[in-house]
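In case you want the letters, here they are:
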Amino acid sequence: MEEKKWWQKSVVYQIYPRSYSDSNGDGIGDLKGITARLPYIAELGADVIWLSPVYASPNDDNGYDISDYRAIMPEFGTMEDFDELLKRAHELGLKIMMDLVVNHTSDEHNWFKEAKKSKDNPYRDYYIWRDPRPGMKGGEPGAEPNNWGSCFGGSVWKYDETTGQYFMHLFSPRQPDLNWDNPKVRDEVFDMMTWWLKKGVDGFRMDVISLISKPAGLPDGVPGETGYASWADCATGPHLHEYLREMNDRVLSKFDVITVGECPGVSMEEARNYANLEGSELNMIFQFDHMGCDYADGVGRYGLTVMNLQNLKEAMNKWETGLEGYAWNSLYWNNHDQPRCVSRFGNDSKEYRELSAKMLGTCLHLMKGTPYVYQGEEIGMTNCPWNSLDEINDIESSNNVRQNIEKGIIRKEDALEVMRRQSRDNARTPMQWDDSENAGFTTGKPWLRINPDYVTVNAKDAVAREDSVYNYYKKLIALRKKSDLIVYGKFELLYPDSKEVFAYTRTLDDKKLFVACNFTDHDVDIAVPDECKNGSLLIGNYPDGNASGKLRPYEAVAISLD
Ligand code: TEU
Ligand code: CA
């Protein structure tokens, strides 16, 4: 049995502040709005709140472009509002995990304003500058120092006329990458982290932390299957583990914190180092293998994706079994960057939305690892039926869809359907609190379209209705709290070849749990393993339980021999 840690039994609730709750009628969510909703989150049973960035930012990437790490974005409120949020959360037994975005800053950060003044500015080497390719003129197509592609389309290099060099940006040109090989940058980051931890925050989610150490010489790469050369060529660079261990030694080890690294481009084998059980780096990481389960070959995310359960099972099984005994796992279906899971992996029709949302919750929350619930997932919120590309705010999906059309990877007439399936904005439509105007999110004009299904899909209805997704998630979360079998039991996949059912067992000593989830809209025969036949139904998403040996549409059952 691994040494037990509190964050292994925790459930984390993620808030995207811009879209959670607006307290002052400007159509933008804010800290006071979150504070007012803390009892709702505590009632769900979550232990930790992951706050997407609330720091000062010009919002080129909605807060993931930070211009001052020790100030609050004015649209979200003041540092006093933050202190009040932290205090109230702690009073309710909720911990706060901040979003640490230190692979890059905003181009409005003072460090970058200084760096771009001249080549010999003291802050120049806080960022990654290179000359144009030899023999080429800066700014000319092909003069970029290498061929890496930005996650937001185009090259990762932007030419700066003033100093005649390019600077690197794996994301938008307004998010220049920090140079982690510069010890002054590491000092700045570690000081800032300590400053927040001394304020009393309880941990960090670390944005694209796998990309912070760039390969020496920045060689040309072969664009990865995602089309983002930077992921394939940048993840887990030469000094990555050295920097994470330094961060752990100098900061994290001095506090009792929860940490999760967002790790695009990291394999399960490599994750054993990032999230090793000795605790020398991070507690856990977010993997991306299962997020590619519906990608069309050669197209990556921004195409007409189609759910493939076998890919999903294969990815989850690899991580559940591969980390066993080496590292701790995180569990998530969605977040602020991903489509809504009930639309993507379930069925958001009127008939099956709630049933499949509960099935997905059962499937995830009874696996081994720390589960993450994204705002609105607990009430079965769905992807938005976008009417036009003009409604889309998201820089990533807008740029990638446009780039894929230009490259002929997708047809122009498919662009809207691609957005309906994959735009990050599907996760960013305002939280649906009730059936009043603007779903109770704001009294003003919402910054992004509100999903029209808020009239029936909203928290007020969900909290009040015993058979709602919210009250089912509440039961799932409560089960975890009182079961070492759910937290520590060994995972084993069953029926790997089934295209319809995701089934597995969890085993701890003589205790066993059998979980079976039907991902289809029709009955499927599924044999309960002999050793579970005389178990008892721990939880199921049909009101009358299940003893029939088959699973009804989107049925989930958990049978316990505890
Ligand atoms: O995400 C990393 C990233 O590449 C995401 O855009 C996501 O993995 C992608 O959508 C998968 O297709 C982090 C933040 O979560 C994201 O919101 C930021 O835009 C990005 O980094 C830059 O900070
Ligand atoms: Ca507001």
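Details of the structure are given in the entry above.
Residues numbered from 1 in each chain as written. Chains lettered and ligands numbered in written order. Predicted model: local features only at pLDDT ≥ 70, side-chain atom pairs only at ≥ 80, totals over all residues. Heavy atoms only, no water.

1. Regarding the overall build of the protein
Next, step 1: Scanning the protein from terminus to terminus reveals 15 helices and 20 strands.
Next, step 2: For the protein, whose C-alpha radius of gyration is 23 Å, the value lies close to the compact-globule estimate of 24 Å for 562 residues.
Next, step 3: Along the first, second and third principal axes, the C-alpha atoms of the protein reach 75 × 50 × 50 Å.
Next, step 4: Residues counted as buried form 63% of the 562 residues belonging to the protein. (Helix = DSSP H or I, 4+ residues; strand = E, 2+ residues; numbered from the N terminus. Rg over C-alpha atoms; globule rule 2.2 N^0.38 Å. Buried < 20%, exposed > 50% of the residue type's maximum accessible area, 1.4 Å probe, protein only.)

2. Points about helix α2 (residues 79-91)
Next, step 1: Here α2 is 13 residues long and its end C-alpha atoms lie 18 Å apart, about the 18 Å a rise of 1.5 Å per residue gives.
Next, step 2: Residues of α2 that are buried include every one of M79, D81, F82, L85, L86 and A89, and no others. Angular distribution of buried residues about the axis of α2 spans 155°; they occupy a single face of the element.
Next, step 3: Buried residues along α2 sit against α1 (31-44), β2 (48-51), β4 (68-72), β5 (95-100) and α4 (183-199).
Next, step 4: The first or second residue beyond α2 is G93, which carries a positive phi of 80°. (Expected span 1.5 Å × (residues − 1). Arc of directions from axis to C-beta. Contact = heavy atoms within 4.5 Å.)

3. Topic: the sheet that holds strand β11 (residues 284-286)
Next, step 1: Reading across from one edge, β11-β10-β9-β5-β2-β1-β13-β12 is the order of the eight strands in this open sheet, with parallel pairing throughout. Each end of this open sheet is capped by a strand with a single partner; those strands are β11 and β12 (330-331).
Next, step 2: Across four bridges, the pairing between strand β1 (residues 12-15) and β2 is parallel. Bridge pairing in β2 links Q14 to W50.
Next, step 3: On the sheet, α1 packs against β1 and β2 and is oriented at approximately 150° with respect to β1. (Pairing = 2+ DSSP bridges. Axes fitted to C-alpha atoms, helices over the stretch in contact; angles between N-to-C directions.)

4. A closer look at the packing of α2 against α4
The description of two packed helices rests on the angle between their axes and on the distance between the axes.
Next, step 1: Viewed as axis vectors pointing N to C, α2 and α4 meet at an angle of 55°, and their least axial separation amounts to 11 Å. Accordingly, the angle class assigned to the pair α2 and α4 is oblique. Facing M79, F82, D83 and L86 of α2, the residues of α4 in contact are W195, W196 and K199.
Next, step 2: A breakdown of the residues in the contact of α2 with α4 according to their chemical character gives five nonpolar, no polar and two charged. (Parallel < 35°, antiparallel > 145°, perpendicular 65-115°, else oblique. Nonpolar A, V, L, I, M, F, W, Y, C, P; charged D, E, K, R; others polar.)

5. Concerning the coordination of the calcium ion (ligand 2)
Next, step 1: Every protein donor of the calcium ion (ligand 2) is accounted for by D22 (OD), N24 (OD1), D26 (OD), I28 (O) and D30 (OD), and the metal-donor separations fall at 2.3 to 2.4 Å.
Next, step 2: Coordination of the calcium ion (ligand 2) draws on donor residues from a single chain, spaced D-x1-N-x1-D-x1-I-x1-D in sequence.
Next, step 3: Among the residues examined, D26 registers a relative accessible area of 34% and is labelled partly exposed.
Next, step 4: Judged by its relative accessible area of 3%, D30 is buried. (Donors = N, O, S within 2.8 Å, 3.2 Å for Na, K, Ca; no water.)

6. Points about the sheet that holds strand β16 (residues 511-518)
Next, step 1: Read across the sheet, five strands follow the order β14-β15-β16-β20-β18 without closing on themselves; strand pairing throughout is antiparallel. Either end of the sheet is taken by a strand with one partner, and the two such strands are β14 (490-494) and β18 (536-540). The sheet shows a mean angle of 20° between the axes of neighbouring strands, taken without regard to direction.
Next, step 2: Bridge count for β18 against strand β20 (residues 556-560) is four bridges, and the pairing is antiparallel. Looking across to β20, one finds that S536 is bridged to S560.

7. Overview of the site of ligand 1
Next, step 1: Near ligand 1 lie 19 residues; those nearest to it are D61, D207, D337, E396 and R424.
Next, step 2: Side-chain polar atom of D61 to an oxygen atom of ligand 1: 2.6 Å apart, as the coordinates give it.
Next, step 3: H336 has a polar side-chain atom sitting 2.9 Å from an oxygen atom of ligand 1.
Next, step 4: Out of a free accessible area of 490 Å², ligand 1 has 100% covered by protein chains. (Near = heavy atom within 4 Å. Polar contact = N/O pair within 3.5 Å; in protein donor to acceptor, adjacent residues only side chain to side chain. Areas by Shrake-Rupley, 256 points an atom, 1.4 Å probe, with all protein chains shown as cover.)

8. Quick look at the side chain of K313
Next, step 1: Summarising the element assignment, K313 is placed in helix α8 (residues 309-322).
Next, step 2: For the buried residue K313, which engages in no salt bridge, the nearest side chain bearing the opposite charge is D497, 7.2 Å off.
Next, step 3: From its side chain, K313 meets the backbone oxygen of S498 in a polar contact 2.7 Å long.
Next, step 4: Once residues lying within four places of it in the same chain are set aside, the contact partners of K313 are L493, Y495, P496, D497, S498, V501 and F502. (Lys, Arg positive; Asp, Glu negative; His and termini not counted. Salt bridge = Lys/Arg side-chain N within 4 Å of Asp/Glu carboxyl O.)

9. Quick look at unusual backbone geometry
Next, step 1: Notably, V208 is not glycine yet its phi reads approximately 35°, a positive angle.
Next, step 2: Phi at D509 is positive, roughly 55°, even though this residue is not glycine.
Next, step 3: One can find D509 in the loop between β15 (501-508) and β16.
Next, step 4: Residue D509 is classed as exposed on the basis of its relative accessible area of 67%.

10. A look at the packing of aromatic side chains
Next, step 1: The tally for this structure, following the rule as stated, stands at 29 aromatic pairs.
Next, step 2: Note on Y20 and W433: the rings are 5.1 Å apart at their centroids and 80° apart in plane angle, and the pair reads as edge-to-face. Of this pair, Y20 sits in the loop between β1 and α1 while W433 sits in the loop between α12 (415-422) and α13 (459-464); the two residues are 413 residues apart in sequence, bridging distant segments of the chain.
Next, step 3: When the ring of W50 is compared with that of Y372, the centres are 6.3 Å apart and the planes differ by 85°; the resulting orientation is edge-to-face. Within this pair, whereas W50 is found in strand β2, its partner Y372 is found in strand β13 (residues 370-374), the two being separated by 322 residues in sequence. Y372 carries the same exposure label as W50, and that label is buried.
Next, step 4: Clustering of aromatic rings is evident, with ring pairs tying together Y55, Y69, F82, W111, Y123, Y126, W195 and W196. (Phe/Tyr/Trp six-rings, centres within 6.5 Å; stacked < 30°, edge-to-face > 60°.)

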